[in-house]
Amino acid sequence: MILAASPLRVKARLEHSRAKHGSLSGHPRIARVVASWMPFYEYGEARIFKAAGAPDGVVEQRRADFVRLSDLYRRRSPETMRLTAEATGLISDLQFTEAYRVPFQFSSYVRRHLPVGAFLQSSSGVATTDLDGNSYYDLTGSYGVNLFGYDFYKECIDSAIEHMRALGPVLGSYHPVVADNAARLVHLSGMDEVSFHMSGTEAVMQAVRLARYHTRRSHLVRFSGAYHGWWGDVQPGVGNPAPAHDTYTLKDMSEASLRVLRSRHDIACVLVNPVQMMHPNSAAPADSTLVGSNTTPMRPDRAAYADWLKRLRAVCTERDIVLIFDEVFVGFRLAPGGAQEYFGVRADLVTYGKTLGGGLPIGAVCGRKHLMKRFREDRPADICFARGTFNSHPYVMAAMNEFLRRLEDPAIVALYRDLDEIWDRRAAVLNKRLRDAGLPVQVANLSSIWTICYTRPSAYNWMFQYYLRAEGVALSWVGTGRLTFSLNYTEADFEAVAGRFVAAAEAMRQGGWWWEGPLASNRKIKRRILREMVTHRLSPRRAGRAPG
Ligand SMILES: Cc1ncc(COP(=O)(O)O)c(C=O)c1O
């Protein structure tokens, strides 16, 4: 029996190996080992401006412009900086995000001299304003929540407070808006039932739990690099202190992965985060890992991704595997019916979050009836337990109701018209301006979700976030890897942002950061960093400081 089973096991192992992406994001366990091996070191003052070698003149040019930016930041926002410095030691999340804005070798020096204010006092239109009255065009998108503009969400929240004044924060029983929300979500998602949760992470947890319960299988499949929140099972590699034993990480858009889905018997569900079509098999680009450049701008291919999703759908149907679309980020953004509508593929369960809450915290699962059920008629003790004190909180439900109702407003309906054409045209216009100016920066986009690509190798491309900020453009802590526009950006707003983009890139060029020397190739930059790491690993006494 053992002998008979072995060749099958070997075949399954081989198939699984072929379905892993070659990068570390395809090998979460190895990535964890590598992460634990990586030594800390940082560049001293002399090395900060000379990371990939540069003549003294260029080094001085960079240093002088860095000092200019540092002065500008401090002069412009003294109160914002004061409170940020005071509160950072008390807020763990802030310490984390501040430490990971730029590659770690530069991080503490840059934090000391170019601190980014963490506090704001107001928002209006497409701008936010810091404690010193400085306004910034907002490209953070509040992690994707801000789809229709901050004023829209303020109105949703105001209306919710008004609506719930009589009931207040009563939990357990429902306000009638809950029933209306459920009916609207069922209609929009094309599903049969809804469950409400408190965050996107929770919605994903519940969708996977239901899939495991109904299939009686153990494993979830996620694709390399995909983010599905911070729950352990969907984050099997770096970031999670414990290994996730019941997770397979497979190659995105790959026949080899479909073969694994066809042959294994332990797969309960497949999770898809459609934003991955912008960077299949890689984690979302972030400036903290931007050590060279992504010289070929990414070109998201909607037709190819739709075709992949259709093939994935067919295999899941054939194998009774639950197909989960995680639309926490893209839901309502790509189309009113989200990714299902945009790509023309139906999932079995869909998770939503972020913008759906009308500005308040939310997670939701929509799904087919047989998958949403949390108990078995014939086994009363065999239940799939999922509750949560704050589920269906009246204020959240009322803000959501306002959000869902407003989707039918003619002004909102109009925003969805020609959505991709508008954002693709804006990206093309900006790219032409950057190209015409001979600047080594381009953008790539999936509708209103953008990323910046650098066409010239440089150890300093991450500096662009600081030049954009100096021009009054605010990005989230991941920097230039992910820009999220709200749909209320008018042509004039966009034109203003485009002008600031070009000005920021021009200033960065003037600062000498794109000087191209003999070491300026991605390969050489990466090799140099690897050498530094090995040196620091092998000689712990040098830990902390890089030479120079
Ligand atoms: C696709 C996706 N799933 C899940 C989550 C987690 O949502 P939350 O941060 O609300 O827990 C996110 C958050 O960015 C997300 O983008």
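One numbering rule holds for all chains: residues counted from 1, following each sequence as written. Only residues with pLDDT of 70 or above have their local features reported here, since the model is predicted, and side-chain atom pairs are shown and tallied only from 80 upward, although totals for entire chains, interfaces and linings are computed over all residues. Excluding hydrogens and water, the side-chain values take into account all heavy atoms of the structure.

Undergrad: Just give me the short version of the packing of aromatic side chains, but keep the residues and values in it.
TA: Side-chain rings of Phe, Tyr and Trp, where Trp is taken by its six-membered ring, are said to pair if the distance between their centres is within 6.5 Å; with planes under 30 degrees apart they count as stacked, over 60 as edge-to-face, and otherwise as tilted. Inspection of every chain in the model, using the stated rule, returns 34 aromatic pairs. Aromatic side chains phenylalanine 332 and phenylalanine 403 sit 5.3 Å apart centroid to centroid with 90° between the ring planes, which places their arrangement in the edge-to-face category. Residue phenylalanine 332 is found in the loop between strand E9 (322-326) and helix H13 (338-343), and its partner phenylalanine 403 is found in helix H15 (residues 394-406); the two are separated by 71 residues along the sequence. Within the aromatic cluster, the residues linked to one another by ring pairs are Phe40, Tyr41, Tyr43, Phe49, Phe66, Phe104, Phe106, Tyr109, Tyr460, Trp462 and Trp513. A ring is considered to have a charge above it if a Lys NZ or an Arg CZ atom is located within 6 Å of its centre and within 35 degrees of its normal. Here the basic side chain of arginine 302 rests over the ring of tyrosine 342, its NZ or CZ set 3.6 Å away from the ring centre. Here the guanidinium or amino end of arginine 376 rests over the ring plane of tyrosine 213, the centre of that ring lying 4.0 Å away. Starting at the N terminus, helices and strands are each numbered in turn, a helix being any DSSP run of H or I of at least four residues and a strand any DSSP run of E of at least two.

Undergrad: I'd like a rundown of the layout of surface pockets, residues and numbers included.
TA: For the second largest pocket, the calculated volume is near 600 Å³. Lining the second largest pocket are 22 residues, with Arg13, His16, Lys20, Arg29 and Tyr248 positioned closest to its centre. Looking at which element gives the most residues to the lining of the second largest pocket, the answer is helix H1 (residues 2-18), with 6 residues. Put simply, the grid is 1 Å and covers the protein atoms alone, a cavity is a trapped set of points that fit a 1.4 Å probe, a pocket is an open set with protein on both sides within 12 Å along at least five of seven lines, and lining residues have an atom within 4 Å of a point. Grid points are joined across faces, edges and corners, and a volume is the space filled by probe spheres set on the points.

Undergrad: Account for unusual backbone geometry, with residues named and values stated.
TA: Of note in this structure, tyrosine 143 is not a glycine but carries a positive phi near 60°. Note that tyrosine 143 resides in the loop between strand E4 (135-138) and helix H8 (150-163).

Undergrad: Which residues make up helix H12 (residues 302-319), and what values go with them?
TA: Helices are assigned an expected span. That span is 1.5 Å times one less than the residue count. For H12, which comprises 18 residues, the first-to-last C-alpha distance of 26 Å matches the rise-based estimate of 26 Å (1.5 Å per residue) to within 8%. Whether a residue is buried, partly exposed or exposed follows from its accessible area with a 1.4 Å probe, protein chains only, as a fraction of its type maximum: under 20%, in between, or over 50%, in that order. Residues Tyr305, Ala306, Trp308, Leu309, Leu312, Arg313, Val315 and Cys316 constitute the buried set of H12. Two residues qualify as a contact provided that any one of their heavy atoms is within 4.5 Å of a heavy atom in the partner residue. Buried residues along H12 sit in contact with strand E6 (219-223), helix H11 (255-263), strand E8 (267-272), E9 and H13. N or O atoms closer than or at 3.5 Å make up a polar contact, with two conditions inside protein: a donor-capable atom paired with an acceptor-capable one, and, for residues adjacent in sequence, both atoms drawn from side chains. Its side-chain oxygen 3.2 Å from the backbone nitrogen of alanine 303, aspartate 301 forms the N-cap of H12. Backbone geometry just after H12 places aspartate 320 at a positive phi near 55°.

Undergrad: I'd like a rundown of empty space enclosed by the protein, residues and numbers included.
TA: Applying the stated criterion across every chain, the model contains 6 cavities of 30 Å³ or more. For the largest cavity, the calculated volume is near 80 Å³. Residues were grouped as follows: Ala, Val, Leu, Ile, Met, Phe, Trp, Tyr, Cys and Pro as nonpolar; Asp, Glu, Lys and Arg as charged; and all remaining residues, including Gly, as polar. Per-class residue counts for the lining of the largest cavity are 9 nonpolar, 3 polar and 1 charged.

Undergrad: Requested: an account of the sheet that holds E9, with residues and values cited.
TA: What makes two strands pair is DSSP finding at least two bridges between them. With respect to topology, 7 strands assemble into an open sheet ordered E5-E11-E10-E9-E8-E6-E7, the strand pairing being mixed. The outermost strands of the open sheet, each flanked by one partner alone, are strand E5 (193-197) and strand E7 (247-250). In this sheet, adjacent strand axes meet at a mean angle of 20° when their direction is disregarded. As paired strands, E8 and E9 are joined by 4 bridges and run parallel to one another. Residue pairing in the sheet places valine 272 in a bridge with phenylalanine 325 of E9. Packed onto the sheet, helix H10 (residues 200-215) meets E5, E6, E8, E9, strand E10 (349-353) and strand E11 (363-367) and runs at close to 150° relative to E8. To obtain each axis, a line is fitted to C-alpha atoms, and for helices this fit is confined to the stretch in contact; angles are then taken between N-to-C directions over 0 to 180 degrees.

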